[in-house]
Amino acid sequence: MLGKWKPVVLDPNLFADENFGDIVCFEELTEYELLDSSKVVKGKGTKRQLGDVGKEELNKEEEDEEEPSRKNKRKKRIAKEKAEIREENNNSEVDQGETSADEDDYQADESQHTDQAEECQATAEMDATKQTCRKKKKKKRAKKKVLLAPEEPQLPKASKKPKNWTADASPRASDKQGDVNAWKDLFVPIPVLQALSYLGFTAPTPIQALALPSAIRDHMDILGAAETGSGKTLAFAIPMIHSILEWREAQNHPNDKEEEVLGVTDKPLVEADAQTDFLEDKAKNIHRTDNKEDDIDNGDDEAEESADFGCVKVLENVDFLGNSIISGAKSPAVDKNRPLLGLIVTPTRELAVQVKHHIDAVARFTGVKTAVLVGGMAPQKQERILNRRPEIVIATPGRLWELIKDRHPHLSNLRQLRSLVIDEADRMVEQGHFVELTQLLELLNDSVYNPKRQTFVFSATLTLIHQAPTRVLQKKNSKKMDKESKLEALINKIGLRGKPKVIDLTRKEATVETLTETKIHCDTNEKDYYLYYFLLQYPGRTMVFANSIDCIKRLNGLLTILDCTPLPLHANMHQKQRLKNLERFAERDNCVLLTTDVAARGLDIPNVQHVLHYQVPRTSEIYVHRSGRTARATNEGLSLLLIGPDDIVNFRNIYKTLEKNEELPGFPVEQKCMTGIKERVDVARQIEKLEYHNSKAKQHNSWFQQAAEAMEIDLDDDLLIGGRDREQEDHMKQKMLKGMKKQLKRLLSQPVVKNLMKTKYPTQGGKLQLPQLPVATSESALNTISKQRQKKKSAKKVQASNTRL
């Protein structure tokens, strides 16, 4: 490359905000030439100017210097060969003395010809040795590069941070390969079998073993209900991939039988060794791309954004001499005839991202393209992703319906859908939730209905019946619902036509056997004590659920002051921060995630040890899904309910719906610890309250000041919180706040109880084994408190109605 760098003059006003303090200068490279290495003339430029081309020329000069010594060796070797030939000729003349002179002349001429032939052969051998020497040098350089490079240079270095919060679903081929013979009778396509082998999935789960044959072979609609963590995602992902491969083969080979082309026959897996070897070779050359923190889209989108931001390239007056680079070349065109074949609708954004990761892992050898459409991300970026025409789209109802209304070309023809998945269906079709999904289902089942479309409906609580109160049933003149009526209503709501296959693998208790369920009865003000006690006494990966966002914000401030380093997660947060907090929670062994029910369904966060219900959930379905974040895939876990007077009604409804035969055991608490715990938490509460009021006051005052500046008016001090007259009072509050922080720091530096051993809570078969230690408040006392509160509320209502009259 030949050219010059020229400085770019910048406007000094750009540096007024001091945001470009680290920038030294800008330069642009114009009027330069990109030279082909085969056309560079020797000595055209120096090594610095020509770069790689100059290095190649210098190597050629070194080879030319070595040529004289090679020529001398060649001459000696040729002379030696000539001498040997003459000796052989002389010996033959002695043995054949009867030959005539004519024959001697003929032999002399022949020897001359042989000498010439030998000389030509020697020159040819010399050229061959020269080429081999060059090849050896290149091989030596390549070996040096290989020694300096990692074992697989085509793969980039793995990021320290995980791509997502799920377990590592893409181990390297050399690390783990499993025997997938247990999958071959389920009619799984060969590329998916290869991916399952790389993932180490040697055997299917019960829901997968029952769903895959009916979905792939019989092409039936599936309604599946199984426990949390039972592998429901692959139960619908593998049939979707199969239908896409089937569609491709039908397009490429319309006269062939699709089942034979895909290998979905009764032939054993051994007959497909040639294809599996090809897939293994292909797997070694797959380029992995690291996801950015804010990028949850396809790997193709990562190619759009450059990873190097070191300089700005300005291409002007460029002369391309080589044939390998063409000015104005475009990237390979996207197949405009590729339709949308699979659609997955999920209730939460995080679940949509997780489903995409799982499908990409299983479809790694198929070339199936996926995309995620969720709220909280840039719509323009997601439109660009749809322009690449992915075959599978995973979306939340709101953003999907928004793009459908905008009439995006890739979403315009939903009649070509081969697969439709409603994940967590009982939540998705609840009355009053996800109005966009109702409109989407009406659209799919009316004008764009495809009779070949296959529908999958999955949930852990698909057959769980949550009865409405008797007074509500009497008021609406409705009957009690059972499993059959619920499934029938769900089928009509989604628009299934025909008789689907129903797979129900849920237990009577609706929770897994390895889950330990416990409770603590306490007053509402004491919940903070027991929460902090549990986090202090039993460290680990813990999820704390609450019913409201305000409660999560308050707990976040309180636990931050107590040095518990919590991570919040709720609907009012930005999507980037939500995904980042999930990744941090999955990375740390001892961490607390404070979340609402937005993280209750479907998320597969590895090794979650504890689930704490700071507030009892309103329905039994939410309780099952919350508790299902732990004790996944035969692992053990703990679910702890903090039950206050306001939670008694919800707890009884859950207990009745789940048909618990035994009463939940109380969690053991060391009462001698509670004195120190209460002292710490009380000080932290005061600090949190003062900081909350200060932040509110700052927000209030800043809003009024900005409004006054915009209207160009003078602001009255009476409108501000803590005006000039209250400066002394604010100074006293700040001084008191500093004193309380010092006191809390001293308390945190001391142990709560001396010589207190942190022991694991004793469990066996999902039950606590040691005798329960007493807690502060009994269940009977809470019942009386709740009754008193209900009486007070009813008295207030009567008093309010009397005042109105």
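Residues numbered from 1 in each chain as written. Predicted model: local features only at pLDDT ≥ 70, side-chain atom pairs only at ≥ 80, totals over all residues. Heavy atoms only, no water.

By the naming in an unreviewed UniProt entry, the chain is ATP-dependent RNA helicase, taken from Pleurodeles waltl. The record in UniProt for the chain states the following under Sequence similarities (unreviewed entry): "Belongs to the DEAD box helicase family. DDX24/MAK5 subfamily." (UniProt positions renumbered as here; feature names shortened; annotations may be inferred.)

## Observations regarding the overall build of the chain
Broken down by element type, the chain carries 24 helices and 18 strands. Going through the 805 residues of the chain one by one, you find that 40% of them count as buried. Intrachain contacts of the chain at a sequence separation of at least 6 include 79% that bridge at least 24 residues. Approximately 47,400 Å² of the chain is accessible, and the part contributed by carbon and sulfur atoms is 49%. (Helix = DSSP H or I, 4+ residues; strand = E, 2+ residues; numbered from the N terminus. Buried < 20%, exposed > 50% of the residue type's maximum accessible area, 1.4 Å probe, protein only. Contact = heavy atoms within 4.5 Å. Areas by Shrake-Rupley, 256 points an atom, 1.4 Å probe, with all protein chains shown as cover.)

## Notes on the packing of aromatic side chains
In total, this model carries six aromatic pairs according to the counting rule given. Measuring from centroid to centroid gives 5.8 Å for Phe-236 and Phe-458, while their planes differ by 45°, and the two rings are tilted. Taken together, the positions of Phe-236 in helix α6 (residues 232-252) and Phe-458 in strand β9 (residues 454-459) put the pair 222 residues apart, joining distant regions of the chain. By the burial criterion, Phe-236 is buried, and Phe-458 matches it. Seen from their ring centres, Phe-534 and Tyr-538 are 5.3 Å apart, and the 45° between their planes marks the pair as tilted. What makes Tyr-538 buried here is its relative accessible area of 8%. (Phe/Tyr/Trp six-rings, centres within 6.5 Å; stacked < 30°, edge-to-face > 60°.)

## Some points on the environment of Ala-395
Mapped onto the elements of the fold, Ala-395 is located in strand β7 (residues 392-395). Residue class for Ala-395 comes out buried when judged on its relative accessible area of 0%. For the pair Ala-395 and Leu-343, spaced 52 residues apart in sequence, the C-alpha separation works out to 7.8 Å. If we ignore the near neighbours within four places in the chain, the residues touching Ala-395 are Ile-344, Val-345, Thr-346, Leu-373 and Leu-400.

## Points about unusual backbone geometry
The phi torsion at Arg-389 lies on the positive side, around 55°, for a residue other than glycine. Examined against the element boundaries, Arg-389 turns out to sit in the loop between α11 (379-387) and β7. Its identity is not glycine, yet Ala-631 carries a phi of approximately 55°, on the positive side. Within the element layout of this structure, Ala-631 appears in the loop between α20 (620-627) and β16 (637-643).

## Some remarks on the nonpolar core
Counting residues in hydrophobic clusters, the biggest one holds 62 residues, and the most contacted among them are Trp-183, Val-188, Ile-238 and Ile-344. Among all residues touching Trp-183, those that are not within four sequence positions of it are Val-188, Leu-193, Leu-196, Phe-201, Thr-202, Ala-203, Pro-204, Gln-208, Leu-212 and Ile-238. In terms of nonpolar packing, the next biggest core, distinct from the first, is built from 42 residues, Ile-520, Leu-531, Ile-561 and Val-681 among them. (Core = buried A, V, L, I, M, F, W, Y, C linked by side-chain atoms within 4.5 Å.)

## Some remarks on the packing of helix α12 (residues 397-405) against helix α14 (residues 435-444)
Contact pair α12 / α14: the axes reach a minimum separation of 8 Å and the direction vectors enclose 50°. With respect to each other, α12 and α14 are oriented oblique. Crossing of α12 against α14: the hand is left-handed. Contacts from Pro-397, Gly-398, Leu-400, Trp-401 and Ile-404 in α12 reach Glu-436, Leu-437, Gln-439, Leu-440 and Leu-443 in α14. Class assignment for the residues of the contact of α12 with α14 results in seven nonpolar, two polar and one charged. (Axes fitted to C-alpha atoms, helices over the stretch in contact; angles between N-to-C directions. Parallel < 35°, antiparallel > 145°, perpendicular 65-115°, else oblique. Left-handed = near helix turned anticlockwise from the far one by under 90°. Nonpolar A, V, L, I, M, F, W, Y, C, P; charged D, E, K, R; others polar.)

## Thoughts on the UniProt feature "short sequence motif: Q motif" (unreviewed entry) in the chain
The feature "short sequence motif: Q motif" (unreviewed entry), as annotated in UniProt, sits at residues 181-209 in this numbering. Across residues 181-209, the secondary structure splits into 48% helix and 0% strand, with the terminal C-alpha atoms separated by 13 Å.

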